[in-house]
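Here are the chains, one letter per residue:
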Amino acid sequence: MIRVPILTAPTASGKSALAVRAALAAPVPVEIIAVDAFTVYRGLDIGTATPTVAERHGVPHHLLDIVDVTENYDVARFVADAEAAVQAIVARGAVPLLVGGTGFYLRALQRGLPTTPPSDPEMRRAVEADLTARGLEALLAEIRAADPAEEARMQRNPRRVVRAVELLRRTGRVPGAYPLRPPAFACEVIAYGHPADETTHRIAERTLGMLRAGWPQEAAWLAAHVDPDTEPQPTVWQALGYRDALAVQRGHLSVGAAATRIDLATRQYVKRQATFIRTQLGATPLTEAEAARLLAARLAGGAREV
């Protein structure tokens, strides 16, 4: 089994730039695979901070802009795509580098996918109707009664909650109760973070920059393709900040007010990501400089079997 490095850090840490620098400096060809639940969607470039062609500096990137915003894209599809990309990169004699911060995607790569049965459309519709009528808290309480740890793993994601309740009602088991399919490769997680004050500054600078670069217009484009008021909440509208950016475009929020709201939500998300990295991925965050040195050493070794 091949060992594949993963570079991860909370949002606004500069993962993509660090990965590109490491790839360019490596003595072997390196190709980057994005591990992000939203950069897979075409048209969401500003709000998801998708690396531009110029920012990629000629380093091949995979799993960016691969589906339309109207399509469903889930963790199972991501794992299949990532595994195929890893195999193709290794076959070309290059080193695959996984880069991203979507926790449940990273965990699925590291541990494997649950062997849960396929969704039942009729039951799913019933659960979605319950979500609309009773709200997210009622469904979370149902999961909590069966398995409190499973409720925590939902991270209040409506789509995941609907799936968990659907499965619980059909089988009496939550998704986490199903065994995992063994992963196709071994993962070596390299994680890092920044001090709190630096993180706050980076988030504020990035948010304001994205709002000024056209994020409100991008959110309006998204609203024209996917109704943000659909229940359950469409996956693409779960991306941080898009509703606030849309409110700016519609004249309901000033840029400053939207930035304040997005900054707070992002800081809260960063804390959840940092906790996930430690508790779910088993990685001890390094400084950025330490992570860069470790990554350079790992890439210099080329693709390795374990």
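Since the structure is predicted, the reported quantities are computational estimates derived from the model, not experimental observations. (Residues numbered from 1 in each chain as written. Predicted model: local features only at pLDDT ≥ 70, side-chain atom pairs only at ≥ 80, totals over all residues. Heavy atoms only, no water.)

Draft legend 1. The arrangement of helix α5 (residues 121-134) in detail. Given a rise of 1.5 Å per residue, 14 residues ought to cover 20 Å, and the 20 Å separating the end C-alpha atoms of α5 matches this to within 8%. For α5, the secondary structure elements touched by its buried residues are α6 (136-146) and α8 (158-171). At the exit of α5 stands Gly135, carrying a positive phi of roughly 95°. (Helix = DSSP H or I, 4+ residues; strand = E, 2+ residues; numbered from the N terminus. Expected span 1.5 Å × (residues − 1). Contact = heavy atoms within 4.5 Å.)

Draft legend 2. Up close: the packing of helix α1 (residues 15-25) against helix α13 (residues 288-300). Their axes nearest at 10 Å, the elements α1 and α13 cross at an angle of 40°. Handedness of the α1/α13 crossing: right-handed. Here α1 contributes Leu18, Arg21, Ala22 and Ala23 to the contact with α13, which in turn contributes Glu288, Ala292, Leu295 and Leu299. Partitioning the contact of α1 with α13 into residue classes produces six nonpolar, no polar and two charged. (Axes fitted to C-alpha atoms, helices over the stretch in contact; angles between N-to-C directions. Left-handed = near helix turned anticlockwise from the far one by under 90°. Nonpolar A, V, L, I, M, F, W, Y, C, P; charged D, E, K, R; others polar.)

Draft legend 3. Here's a closer look at the pairing of strand β2 (residues 30-35). In terms of burial, β2 is largely enclosed, as six of its six residues are buried. The alternating pattern of β2 places Val30, Ile32 and Ala34 on one face and Glu31, Ile33 and Val35 on the opposite face, and all of these are buried. Note: β2 against strand β4 (residues 95-100), six bridges, orientation parallel. Its bridge partner being in β4, Glu31 is matched across the sheet by Pro96. Pairing geometry for β2 and strand β3 (residues 61-62), over two bridges, is parallel. Counted as the bridge partner of Ile32 is His61 from β3. (Buried < 20%, exposed > 50% of the residue type's maximum accessible area, 1.4 Å probe, protein only. Pairing = 2+ DSSP bridges.)

Draft legend 4. View of the nonpolar core. With 54 residues, the main nonpolar core has Tyr41, Phe78 and Leu109 as its most contacted residues. Of all the elements, helix α3 (residues 75-91) adds the most residues to this core, at six residues. For Phe78, the contacting residues outside a window of four places in its chain are Ala34, Val35, Leu63, Tyr73, Tyr105 and Leu109. Listed in part, the 19 residues of the second largest apolar core include Ile32, Leu97, Tyr192 and Ala291. (Core = buried A, V, L, I, M, F, W, Y, C linked by side-chain atoms within 4.5 Å.)

Draft legend 5. Molecular detail of α8. The end-to-end C-alpha distance of α8 is 20 Å, a good match for the 20 Å that 14 residues give at a rise of 1.5 Å each. Along α8, 11 of the 14 residues are buried, which leaves the element largely enclosed by surrounding structure. Along α8, the residues classified as buried are Pro158, Arg159, Arg160, Val161, Val162, Arg163, Ala164, Val165, Glu166, Leu167 and Leu168. Two or three places before Arg159, at the opening of α8, Asn157 has a side-chain oxygen 3.0 Å from that residue's backbone nitrogen. Positive backbone phi, at 80°, marks Gly172, one or two positions downstream of α8. (Polar contact = N/O pair within 3.5 Å; in protein donor to acceptor, adjacent residues only side chain to side chain.)

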